[in-house]
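Descriptive structure summary
Listed below are the residues making up each chain.
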Amino acid sequence: MAARIPLHLLIRDLLLIAATLGLWAWSRQLDLGGGTLAIAVAVAAGTMTAVCGYLIHEWGHLTGALLRGSVVELPHSVRAVFLFKFNSEVNSRKQFLWMSLGGFIASAVVVALLFALLSPQRLADQVALGLTVAGVAATLILEVPPALKVYRGAELPRGVAYSGAPATPQGGPQAPTR
């Protein structure tokens, strides 16, 4: 069965991005007056920007996986932390590297946009940039070393973001079409 874009998660993430943009607009309006509400909305806008950056990073991983025809398991719930699970048992090293690269490219684009568009003089921007830097550090620590190991010939990783069972038509991992 071919994996499809998980529309329920796409809608969820687009709604979160729209809400974040709304928080940014509200934060900019409140910047003029200051006060506790302005601080709360600025922190919420900055935090949600980092959350959206994470979501875009995950969509980058999924895009990279689907572009190489990887076998992935899509979640059924909008509460899923990961957009998909990569099947380390049936996918190739090349498919893993494409999946990894997709997330790295998406993150690089988000970071470049944020640093180009945001100003360190505003609290929302400071929160967004600070959390973005923390997210990049987490990616460097958690995701780059396994990708480099696989690039150098190691086995594909196993764990919470991965599945290992062969594809099945009863809701198991699904193989996308090219």
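Coordinates for the structure precede this section.
Quick notes on the rules
- Residues numbered from 1 in each chain as written.
- Predicted model: local features only at pLDDT ≥ 70, side-chain atom pairs only at ≥ 80, totals over all residues.
- Heavy atoms only, no water.
- Core = buried A, V, L, I, M, F, W, Y, C linked by side-chain atoms within 4.5 Å.
- Buried < 20%, exposed > 50% of the residue type's maximum accessible area, 1.4 Å probe, protein only.
- Helix = DSSP H or I, 4+ residues; strand = E, 2+ residues; numbered from the N terminus.
- Contact = heavy atoms within 4.5 Å.
- Phe/Tyr/Trp six-rings, centres within 6.5 Å; stacked < 30°, edge-to-face > 60°.
- Axes fitted to C-alpha atoms, helices over the stretch in contact; angles between N-to-C directions.
- Parallel < 35°, antiparallel > 145°, perpendicular 65-115°, else oblique.
- Left-handed = near helix turned anticlockwise from the far one by under 90°.
- Nonpolar A, V, L, I, M, F, W, Y, C, P; charged D, E, K, R; others polar.

Further remarks concern the nonpolar core. Nonpolar side chains in soluble globular proteins tend to end up buried together. Counting 15 residues, the largest nonpolar core has L62, V72, L83, F84, F86, F96 and M99 as the members making the most contacts within it. Residue assignment for this core shows that the elements contributing at least two residues are helix 2 (36–67), helix 3 (93–117) and helix 5 (144–151). At 4 residues, helix 2 tops the list of elements feeding residues into this core. In this structure, L62 is in contact with P6, V72, L74, L83 and F84, ignoring residues within four places of it in sequence. Counting residues in each nonpolar core, the second largest holds 14 residues, with L23, L114, A128 and L129 among its members.

A few words on the packing of aromatic side chains. Here the structure, examined in full by the defined rule, presents 2 aromatic pairs. Aromatic side chains F86 and F96 sit 5.8 Å apart centroid to centroid with 70 degrees between the ring planes, which places their arrangement in the edge-to-face category. Of this pair, F86 sits in strand 2 (residues 85–87) while F96 is found in helix 3, placing the two residues 10 residues apart along the sequence. You can call F86 buried: its relative accessible area is 1%. The class for F96 is buried, based on a relative accessible area of 1%. With a centroid separation of 6.3 Å and 35 degrees between ring planes, the pair formed by F96 and Y162 is classed as tilted. With a gap of 66 residues between them, F96 in helix 3 and Y162 in strand 3 (residues 162–163) connect regions that are remote in the sequence. Through pairs of rings, three or more aromatic residues link up here, namely F86, F96 and Y162.

With that settled, consider the packing of helix 3 against helix 4 (residues 123–142). Running from amino to carboxyl end, helix 3 crosses helix 4 at an angle of 155 degrees, the nearest separation of the two axes being 11 Å. Of the possible angle classes, the one that applies to helix 3 and helix 4 is roughly antiparallel. As for the relative orientation of helix 3 and helix 4, their crossing is left-handed in sense. In this structure, helix 3 contributes F104, V111, L114 and F115 to the contact, and helix 4 contributes L129, T132, V133, V136 and T139. Class assignment of the residues belonging to the contact of helix 3 with helix 4 gives a composition of 7 nonpolar, 2 polar and no charged.

Take it as geometry only, folks, not as evidence of what the structure does.
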